[in-house]
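Spelled out, the chains give:
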Amino acid sequence: MISSRDLSRRSLLRTALGGACSLAAHPLVTPMAFASAPTDERLVVIVLRGGMDGLAVLEPYGDRHLRKLRPTLASKNGEGVLDLDGFFGLHAGLETLMPLWRAGELAFVSSVSTPYRDKRSHFDGQDALESGSGERSGQPPSSHDGWLNRLISHMPGSTRETGMVLGRTNMLIMEGSNPTTTWAPQIRLRMDGANQDLLKVMYSDDPLFENALLGAMKMSENSDYSEQLRGRRRIASYAAKRLLDESRIVTFSIDGWDTHASQVTMLRKPLGYLTEMLLTMRKDLGDVWQKTTVVAVTEFGRTARENGTRGTDHGTGGAMLMAGGALNGGRVYGKWPGLQPEALYRDRDLMPTRDCRSYCAWLLRSKYGLDRTALERDIFPGVDMDDDPRLLG
């Protein structure tokens, strides 16, 4: 007799096999949500799932302590990275974005994080990021709606038919009182390390299911990168098409940033996805790119020290990426705390010097003229917006 537990496991395994293990740090297929709003400004929010290593993507090669912490991962005096300002260097995997940097259409923020701390769970960290909550000390967020959904509620004239989600589950960032619909695209996306570990534990006592799962993982790992890249371009093109029509706000996620081992190799794919999706949107949006702002955020950064497998583990402080024709770009925002031992957070992580929600709040205030009280109380509860970083030109 088959138990209900076996049935649920069989159902989950069939889903994983049928989608070529297409889990993306929890959603079964990377979702995308859209919203209309009474404005000509466009906003794109990209969730980088898995914990992007800000110290690799935006390398502070000018800090002499970096090489001590990362003897194999860090560049030697900036060799191999693309110099931005004499202190920070851009990862070579983002080289095709340098024209945007030179045009003032690309910027970064260093040393940021959400208030989420210490337990370093992907799931809780992503919930805190997407809900915009101010939870600390490793506690999951108390809010069950997303900050983009709350944003729409503060924009008079927004329609109630505000969202469409591509994927099998909604993104928390767009969940709330404004309804959404769902559609699952037929594309293969790679399962990240967190979900692999979860399913391995789930099937560890069942050799038949475990072997089938490992085989599916192997098939996913060997899937053609160019095929996956084409799928990402299609998503970006569809997002641009919607933004050219009635949608004004779009959000989607990119997985693959969980680089516990072989980080140099592991970062190539997600960096490729990010660059191609940004460049595709820029091309397809045409003149509308000048009214568009893109912000890419992640649930947490990674450890300042590399680990024994030439990777990095879940950390705290990280980086944000911003792009778009409306941006005051070509610069790195944020206060650098340093990487000397006494400057690290709990002797292990880059110390965050500002809440990433503060930059998102100022972006919304600049784009839509929202009241500061509404931003600090309702959209990002408990955030201290601090001084205006003047993100938009």
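Summarised in this report is the structure supplied together with it. Values in this document were obtained by computation on a predicted structure and should not be read as measured data.

Re the overall build of the protein chain
Along the protein chain, the regular secondary structure elements total 13 helices and 13 strands. Out of the 393 residues belonging to the protein chain, those deemed buried represent 57%. Looking at the protein chain alone, contacts between residues at least 24 apart form 75% of all its contacts between residues at least 6 apart. For the protein chain, the exposed surface amounts to about 16,000 Å²; the carbon and sulfur share of it is 50%.

A short note on the layout of surface pockets
Space inside the largest pocket adds up to approximately 290 Å³. Contributing elements (two or more residues each) for the lining of the largest pocket: α2 (54-57), α3 (66-69) and α10 (263-266). Across the lining of the largest pocket, the residue classes break down as ten nonpolar, five polar and four charged.

Remarks on the packing of aromatic side chains
Taken as a whole and assessed by the stated rule, the structure comprises six aromatic pairs. Plain terms: the ring middles of Phe88 and Trp336 are 5.6 Å apart, the flat faces sit at 90° to each other, and that makes the pair edge-to-face. Pair noted here: Phe88 is in the loop between β4 (82-83) and β5 (89-90) and Trp336 is in the loop between β12 (332-333) and β13 (354-355), with a separation of 248 residues, a long-range link. With a relative accessible area of 6%, Phe88 lands in the buried category. Of the residues examined, Trp336 reaches a relative accessible area of 21% and is grouped as partly exposed. Clustering of aromatic rings is evident, with ring pairs tying together Phe87, Phe88 and Trp336. Over the aromatic face of Tyr345 sits the side chain of Arg117, whose NZ or CZ is 5.9 Å from the ring centroid. Seen from the ring of Tyr359, Arg354 lies directly overhead, with NZ or CZ sitting 4.8 Å from the centre.

So, the nonpolar core
Residues Ile46, Phe252, Ile254, Leu274 and Leu278 are the most contacted members of the largest nonpolar core, which totals 46 residues. Looking at which element gives the most residues to this core, the answer is helix α11 (residues 268-285), with seven residues. With 41 residues, the next largest nonpolar core counts Leu148, Tyr359, Trp362 and Met385 among its residues.

Some words on the side chain of Thr312
Structurally, the position occupied by Thr312 is in the loop between β10 (292-298) and β11 (318-323). What Thr312 contacts, discounting residues up to four positions off in sequence, is Asp53, Arg70, Leu73, Thr259, His260, Gln263, Arg302, Thr303, Arg305, Glu306 and Asn307.

Observations regarding helix α13 (residues 372-379)
Taken as a whole, α13 has its buried residues at Ala374, Leu375 and Ile379. The arc that holds every buried residue of α13, seen down its axis, measures 100°, which confines them to one face. Tucked into the core, α13 has its buried residues touching α5 (122-131), α6 (147-153) and α12 (356-368). Where α13 begins, the side chain of Asp371 points an oxygen toward the backbone nitrogen of Thr373, at a separation of 3.0 Å.

Section: the pattern of salt bridges
This model, assessed by the stated rule, comprises 18 salt bridges. Residue Lys367 pairs with Glu41 through a salt bridge whose shortest N-O separation is 2.9 Å. Pair noted here: Lys367 is in helix α12 and Glu41 is in the loop between β1 (32-36) and β2 (42-48), with a separation of 326 residues, a long-range link. Since its relative accessible area comes to 9%, Lys367 is described here as buried. A salt bridge links Arg357 to Asp355; the nearest nitrogen and oxygen atoms lie 2.8 Å apart.

About the thresholds
- Residues numbered from 1 in each chain as written.
- Predicted model: local features only at pLDDT ≥ 70, side-chain atom pairs only at ≥ 80, totals over all residues.
- Heavy atoms only, no water.
- Helix = DSSP H or I, 4+ residues; strand = E, 2+ residues; numbered from the N terminus.
- Buried < 20%, exposed > 50% of the residue type's maximum accessible area, 1.4 Å probe, protein only.
- Contact = heavy atoms within 4.5 Å.
- Areas by Shrake-Rupley, 256 points an atom, 1.4 Å probe, with all protein chains shown as cover.
- 1 Å grid on protein atoms, 1.4 Å probe; cavity = no way out; pocket = protein on both sides within 12 Å on 5 of 7 lines; lining within 4 Å.
- Points joined across faces, edges and corners; volume = space filled by probe spheres on them.
- Nonpolar A, V, L, I, M, F, W, Y, C, P; charged D, E, K, R; others polar.
- Phe/Tyr/Trp six-rings, centres within 6.5 Å; stacked < 30°, edge-to-face > 60°.
- Lys NZ or Arg CZ within 6 Å of the ring centre and 35° of its normal.
- Core = buried A, V, L, I, M, F, W, Y, C linked by side-chain atoms within 4.5 Å.
- Arc of directions from axis to C-beta.
- Polar contact = N/O pair within 3.5 Å; in protein donor to acceptor, adjacent residues only side chain to side chain.
- Salt bridge = Lys/Arg side-chain N within 4 Å of Asp/Glu carboxyl O.

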